[in-house]
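# A closer look at the structure
One-letter residues, chain by chain:
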Amino acid sequence: MALRMWASSTANALKLSSSASKSHLLPAFSISRCFSSVLEGLKYANSHEWVKHEGSVATIGISDHAQDHLGEVVFVELPEEKSSVSKEKNFGAVESVKATSEIISPISGEVIEVNTKLADSPGLINSSPYEEGWMIKVKPSNPAELESLMGPKEYTKFCEEEDAAH
Amino acid sequence: MIMDDLQKMRSPRTLEVWKLGTVNYLKSLKLEDKLVSDRKANRIPDTLLSLQHPPTYTLGKRRTDHNLLIPEAELKGLGAELHYTQRGGDITFHGPHHAILYPIISLRSIGIGARNYVETLERSMIEFASVYRVKARAGHKGETGVWVGDRKIGAIGVRISSGITSHGLAFNIDPDLKYFEHIVPCGIADKEVTSLRRETDTMLLHSEEMMMLCGRKILHSFWTTRRRSIKTNSPSGLTRFNPV
């Protein structure tokens, strides 16, 4: 059922996208590639950022769904180490296809590490959104905030509903 | 809760169109900031600003001022201003007879992302150009914008903040192309800039009408393909924002 819904929302999107899009040339067996991947073990915000909480460190990045909707990332702006981030406030921006999009922090805390590789290789966000494309590591100031984020199943459903909304 | 959702689905999507004439760049930035905040809070519907700027050079978030080929002081001598912005994209010029459209819309409520939005803006400009029998195309990879052959006729630079768009597109109807000689337009060297005036023999309408036509193309691209109706208004409260 979910597969049919996703396929039909993808079909709708393809009708609307320009002929430059190569999605419609993908053979049927690659349809699964059109599904953005959602990783287990992560929490997700409705602004499409993910959080991986390990002990006292939370790593934050943007999801596969987000990078797919952005297009090729050409520039990333991230905060400094030791600065603080707040839940639902923006902490940086990515530029893709002449659009700068803000990145919203899913949790509050202190930035303890920033992914400096993204300065020279912003495309890591597209090719490896959950691993090499991580953006910042934060010491959460209020771990309870993680409870209000979505789990993988909830987030998958959220993405499907958002894409079907048009 | 279900009834609210059904109500939302049934009510037609409204786009308010504001025809602002010539507006100083900083004033338009302030207006956009306010409208983005209002749209985010759902105090206003999706809004489209249609305007022109006095001679103005702008840079995007990456601050690529190496693409400005003359000192800033000389720009002032030309009667132009320079502004740094938060939008995507490189350096560009806006001036009289340069149609500017800034859609302030909620991408989340139409369920599309940055790439799809930018492609729609490109498509709108291509369709607009075709009205004048000018065959335009979207840019190749890394050259976002609208081109006639190897000559750039339309530029895009967008900011998305909490899912609400600002800035937008600029289409060269009949600007003074000499202003572009002082920059590497959009950071793409060795490519010309052109205008509708240069590319067509068809008589051009007055700027205002041209811009409304361009705006209508955007509406078509976004809304009619989704079978939603459009209401366009020019609000009578325009005088609160005094254009220069």
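Residues numbered from 1 in each chain as written. Chains lettered and ligands numbered in written order. Predicted model: local features only at pLDDT ≥ 70, side-chain atom pairs only at ≥ 80, totals over all residues. Heavy atoms only, no water.

## With respect to the pairing of strand β4 (residues 81-84) of chain B
All names here are of chain B. Both strand β3 (residues 56-59) and β4 contribute to a ladder of four bridges, which runs parallel. Within the sheet, the bridge partner assigned to Leu-59 lies in β4 and is Tyr-84. For the segment spanning β3, helix α3 (residues 72-77) and β4, crossover handedness is right-handed. (Pairing = 2+ DSSP bridges. Helix = DSSP H or I, 4+ residues; strand = E, 2+ residues; numbered from the N terminus. Right-handed = clockwise from strand over helix to strand, strands pointing away.)

## Details of the interface of chain B and chain A
Facing 31 residues of chain B, the contacting portion of chain A comprises 26 residues. When the two sides are added together, the surface that chain B and chain A hide from each other amounts to roughly 2,400 Å², 49% of it contributed by carbon and sulfur. Three residues, Lys-61, Arg-62 and Arg-115 of chain B, lead the burial of chain B against chain A; their summed loss comes to 24% of the area buried on that side. Where chain B packs against chain A, one counts five salt bridges. A salt bridge links Lys-61 of chain B to Glu-77 of chain A; the nearest nitrogen and oxygen atoms lie 3.1 Å apart. For the pair chain B and chain A, the interface holds 14 residue pairs in polar contact (both at pLDDT 80 or more). Of all elements in the fold, only α4 (107-110), α5 (114-131) and β9 (151-161) of chain B reach the threshold of two or more residues within the side of chain B that touches chain A. (Contact = heavy atoms within 4.5 Å. Buried area = accessible area lost by both parts, 1.4 Å probe. Salt bridge = Lys/Arg side-chain N within 4 Å of Asp/Glu carboxyl O. Polar contact = N/O pair within 3.5 Å; in protein donor to acceptor, adjacent residues only side chain to side chain.)

## Notes on the sheet that holds strand β5 (residues 84-85) of chain A
Here we have six strands laid out as an open sheet, ordered β1-β2-β3-β9-β8-β5 (chain A), and antiparallel in their pairing. Either end of the sheet is taken by a strand with one partner, and the two such strands are β1 (43-44) and β5 of chain A.

## Some remarks on the sheet that holds strand β5 (residues 92-94) of chain B
All names here are of chain B. Reading across the sheet, the three strands line up as β4-β3-β5 and stay open at both edges, with mixed pairing between neighbours. The sheet is open, and its two borders are formed by β4 and β5, each paired with just one other strand. Ignoring strand direction, the axes of neighbouring strands in this sheet form an average angle of 25°. (Axes fitted to C-alpha atoms, helices over the stretch in contact; angles between N-to-C directions.)

## Quick word on the UniProt feature "domain: Lipoyl-binding" (unreviewed entry) in chain A
In the numbering used here, UniProt assigns the feature "domain: Lipoyl-binding" (unreviewed entry) to residues 57-139 of chain A. Secondary structure content for residues 57-139 of chain A is 18% helix and 43% strand, and the end C-alpha separation is 5 Å. (UniProt positions renumbered as here; feature names shortened; annotations may be inferred.)

## A look at unusual backbone geometry
For Lys-82 of chain A, which is not a glycine, the phi torsion comes out positive at approximately 75°. Looking at where Lys-82 of chain A falls in the secondary structure, it is placed in the loop between β4 (73-77) and β5. Here the phi dihedral of His-167 of chain B falls at roughly 55°; this positive angle occurs in a residue that is not glycine. Residue placement: His-167 of chain B occurs in strand β10 (residues 164-172).

## Observations concerning the UniProt feature "modified residue: N6-lipoyllysine" (unreviewed entry) in chain A
Feature annotation in UniProt assigns "modified residue: N6-lipoyllysine" (unreviewed entry) to the following positions: Lys-98 of chain A. Following the sequence through the fold, Lys-98 of chain A ends up in the loop between β6 (90-96) and β7 (99-104). When its relative accessible area of 10% is taken as the criterion, Lys-98 of chain A is described as buried. Those residues in contact with Lys-98 of chain A that sit more than four places away from it in its chain are Gly-88, Gly-89, Thr-144, Lys-152, Ile-156, Gly-157, Val-158 and Cys-186 of chain B. (Buried < 20%, exposed > 50% of the residue type's maximum accessible area, 1.4 Å probe, protein only.)

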